[in-house]
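Architecture at a glance
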Amino acid sequence: MSAYTIMVISAGLGQPSSTRLLGERLAAAADRELSARGADAEVEVVELREYARDLTNHLLTGFPSARLGELIERVIAADALIAVSPIFSASYSGLFKMFFDVLQPQSLAGKPTLIAATAGTARHSLALEHSLRPLFSYLRTLVVPTAVFAATEDWASEGGALAERIDRAAGELADLLTRTVPQARETDEIVPFAQLLARRTT
C-alpha cells in the first residue's frame, strides 16, 4: 500500500483558528479518499504563526533559522500541500505570502496542491481565484480544480455545501496523487514523423 505525505500549511492567526480547522477537515477528507484508493496518508499540520519571527528574520537576513530550514525541507519533500489562508483586504494574509516568498524558485514545481481560505463573509471567496490560484500557478504547482472557501456562516452545520466542496477537492487531490501515467508497450510501433506526414500527402 502506497503512503503519501500531506503538509497542511495554515496561516491562521487566532488560537483556535478556523483556518487550521478547515485545513484539518481537508486533510481528513483527503485521507479518506486515499484510503478508498488503497493508499495511506501521513498528515502534518503547520501553523505559520509559530514561525512568524523566523520568517521575518529570513526576509531581513536572507538566511533561515534552523527550525525554519527544517520546515522548508519537509514542505519541499511532501507529496502534496494543503495551503489555507485567512483573507484580509481581499487577498491572502501577509504571513501566508511571507512563507512562500522564502522558498526557492521551482522548489514546489509539479507538487499537487489544494488551496483553501477562510473569511467572515462569502463576499471574499473570489480571493481564491484572483489571489491564491495565481500565486500557486506562478510556483508551478499542480492546483486541483476545486478551491474551498469557508465563511463564518458555513460552520453552522456539519453537512451542506462546505462539506461537499471539501469532499470534492479532497477527491481531486487524491486523484492527482494516485494517478498513473501509461507506459509505452514494447510492441507499440514508433512511426517517424516524416513517414506520418508522407501518409497524409499521398
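Not measured: the values here are computed from a predicted model.

1. Examining the pattern of salt bridges
Taken as a whole and assessed by the stated rule, the structure comprises 10 salt bridges. Linking arginine 20 and glutamate 24 is a salt bridge whose minimum nitrogen-to-oxygen distance equals 2.7 Å. With arginine 20 and glutamate 24 both in helix H1 (residues 18-36) and four residues apart, the pair spans about one turn of that helix. On the accessibility criterion, arginine 20 (27% relative accessible area) is partly exposed. Notably, a salt bridge pairs arginine 165 with aspartate 154, separated by 3.8 Å at the nearest N-O pair. Taken together, the positions of arginine 165 in helix H6 (residues 160-178) and aspartate 154 in the loop between strand E7 (148-151) and H6 put the pair 11 residues apart, joining distant regions of the chain.

2. Some remarks on the environment of proline 86
Position of proline 86 among the secondary structure elements: in strand E3 (residues 80-88). Each C-alpha atom, one on proline 86 and one on phenylalanine 149, is 9.6 Å from the other, the two residues being 63 residues apart in sequence. Dropping the residues within four chain positions of it, proline 86 is found in contact with Ala11, Gly12, Thr19, Ser91, Tyr92, Ser93 and Thr118.

3. Describing the packing of H1 against H6
H6 packs onto H1 with a crossing angle of 55 degrees between their chain directions and a minimal axis gap of 8 Å. Taken together, the axes of H1 and H6 are oblique relative to one another. The chirality of how H1 crosses H6 is right-handed. For the pair H1 and H6, contact is made by Leu22, Arg25, Leu26, Ala29, Ala30, Arg32, Glu33 and Leu34 and by Leu162, Ala163, Ile166, Asp167, Ala170, Gly171, Leu173, Ala174, Leu177 and Thr178, respectively. In terms of residue class, the contact of H1 with H6 is built from 12 nonpolar, two polar and four charged.

4. Here's the deal with unusual backbone geometry
With omega at 10 degrees, the peptide bond leading from glutamine 15 into proline 16 counts as cis. Along the chain, proline 16 falls in the loop between strand E1 (2-10) and H1. Phi at arginine 140 is positive, roughly 65 degrees, even though this residue is not glycine. Mapped onto the elements of the fold, arginine 140 is located in the loop between helix H5 (127-138) and strand E6 (142-143).

5. Points about the environment of valine 84
Relative to the elements of secondary structure, valine 84 occurs in strand E3. Under the relative-accessibility criterion, valine 84 is labelled buried at 0%. Along the primary structure valine 84 and alanine 116 are separated by 32 residues, whereas in three dimensions their C-alpha atoms are 4.7 Å apart. Leave out the neighbours within four places in its chain, and valine 84 touches Ile9, Ser10, Ala11, Thr19, Leu22, Gly23, Phe96, Ala116 and Ala117.

6. What to know about the side chain of serine 10
Note that serine 10 resides in strand E1. Only 3.4 Å separates the side chain of serine 10 from the backbone nitrogen of glycine 12, close enough to count as a polar contact. Aside from chain neighbours lying at most four places away, what touches serine 10 is Ser17, Thr19, Arg20, Val46, Glu47, Leu48 and Val84.

Basis of the calculations
Residues numbered from 1 in each chain as written. Predicted model: local features only at pLDDT ≥ 70, side-chain atom pairs only at ≥ 80, totals over all residues. Heavy atoms only, no water. Salt bridge = Lys/Arg side-chain N within 4 Å of Asp/Glu carboxyl O. Helix = DSSP H or I, 4+ residues; strand = E, 2+ residues; numbered from the N terminus. Buried < 20%, exposed > 50% of the residue type's maximum accessible area, 1.4 Å probe, protein only. Contact = heavy atoms within 4.5 Å. Axes fitted to C-alpha atoms, helices over the stretch in contact; angles between N-to-C directions. Parallel < 35°, antiparallel > 145°, perpendicular 65-115°, else oblique. Left-handed = near helix turned anticlockwise from the far one by under 90°. Nonpolar A, V, L, I, M, F, W, Y, C, P; charged D, E, K, R; others polar. Polar contact = N/O pair within 3.5 Å; in protein donor to acceptor, adjacent residues only side chain to side chain.

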